[in-house]
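Survey of secondary and tertiary structure
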Amino acid sequence: MKGKINSQFGDINISNDVIATIAGSAAVESFGIVGMASVSLKDGFVRLLKRDSLHKGIQVTVTDDNTVSLKLHIIVAYGVSIYAVSENLIEAVRYQIQEQTGLKVDSVNVFVEGVRPID
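Fair warning: this is a prediction, and the values are worked out from it, not measured in the lab.

This brings us to the environment of leucine 70. Summarising the element assignment, leucine 70 is placed in strand 6 (residues 67–77). It is 9.7 Å that separates the C-alpha atoms of leucine 70 and isoleucine 90, two residues lying 20 residues apart in sequence. Residues in contact with leucine 70, not counting those within four places in the same chain, are Ile19, Ala23, Ile58, Gln59, Val60, Val93, Ile97, Val105, Ser107, Val108 and Asn109.

So, about the side chain of serine 69. Along the chain, the position of serine 69 falls in strand 6. Using a relative accessible area of 18% as the deciding quantity, one classes serine 69 as buried. For serine 69, the contacting residues outside a window of four places in its chain are Gln59, Val60, Thr61, Asp106 and Ser107.

Right, let's talk about the nonpolar core for a bit. Core analysis: the largest hydrophobic core is formed by 25 residues, its most contacted members being Ile19, Ile58, Val60, Leu70, Leu72, Val93 and Ile97. Contributing elements (two or more residues each) for this core: helix 1 (16–28), strand 3 (33–39), strand 5 (58–62), strand 6, helix 2 (82–101) and strand 7 (104–116). Counting residues per element, this core draws most heavily on helix 1, which supplies six residues. Beyond its immediate chain neighbours, meaning those up to four positions away, isoleucine 19 contacts Ile14, Val60, Val62, Val68, Leu70, Ile97 and Leu103.

Here we come to the pairing of strand 1 (residues 3–7). Pairing of strand 1 with strand 2 (residues 10–14) involves five bridges; the strand directions are antiparallel. Bridged to asparagine 6 within strand 2 is aspartate 11. Hairpin geometry of strand 1 and strand 2 is characterised by an intervening segment of two residues between the two adjacent antiparallel strands.

Another point: helix 2. With 20 residues, helix 2 ought to run about 28 Å at 1.5 Å a step, and its terminal C-alpha atoms sit 28 Å apart, in line with that. Turning to helix 2, its buried residues are Val85, Ser86, Leu89, Ile90, Val93, Ile97 and Thr101. Take helix 2 and look down its axis: the buried residues cluster within an arc of 135°, on one side only. Glycine 102 lies just past helix 2 and shows a positive phi near 85°.

Rules used throughout
Residues numbered from 1 in each chain as written. Predicted model: local features only at pLDDT ≥ 70, side-chain atom pairs only at ≥ 80, totals over all residues. Heavy atoms only, no water. Helix = DSSP H or I, 4+ residues; strand = E, 2+ residues; numbered from the N terminus. Contact = heavy atoms within 4.5 Å. Buried < 20%, exposed > 50% of the residue type's maximum accessible area, 1.4 Å probe, protein only. Core = buried A, V, L, I, M, F, W, Y, C linked by side-chain atoms within 4.5 Å. Pairing = 2+ DSSP bridges. Expected span 1.5 Å × (residues − 1). Arc of directions from axis to C-beta.

If you want it as structure tokens, here you go:
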């Protein structure tokens, strides 16, 4: 389901890919995040996504009451606090989606798929 905003001029529909791209951009700008991860269900491999395909590491669900739930698959930098990075990431993603779309964010779940040294 798409996010929907009603205004005095008509309806605005926001696709899940747009919401995922906003979340992915906020994620890679956060400290301690190396990048978004894509998990191959077939092989169980995790791969680092390039900047132009960040939305593939994010699952977006929009409910009937127009709230957004997200699942982010990330790779964190070696040597950082995973808890602190995840908390910062959740707040950054929640803020950016609410500010840019006007939709309420219900939950942001973070799945750490790997740890890599910063290049």
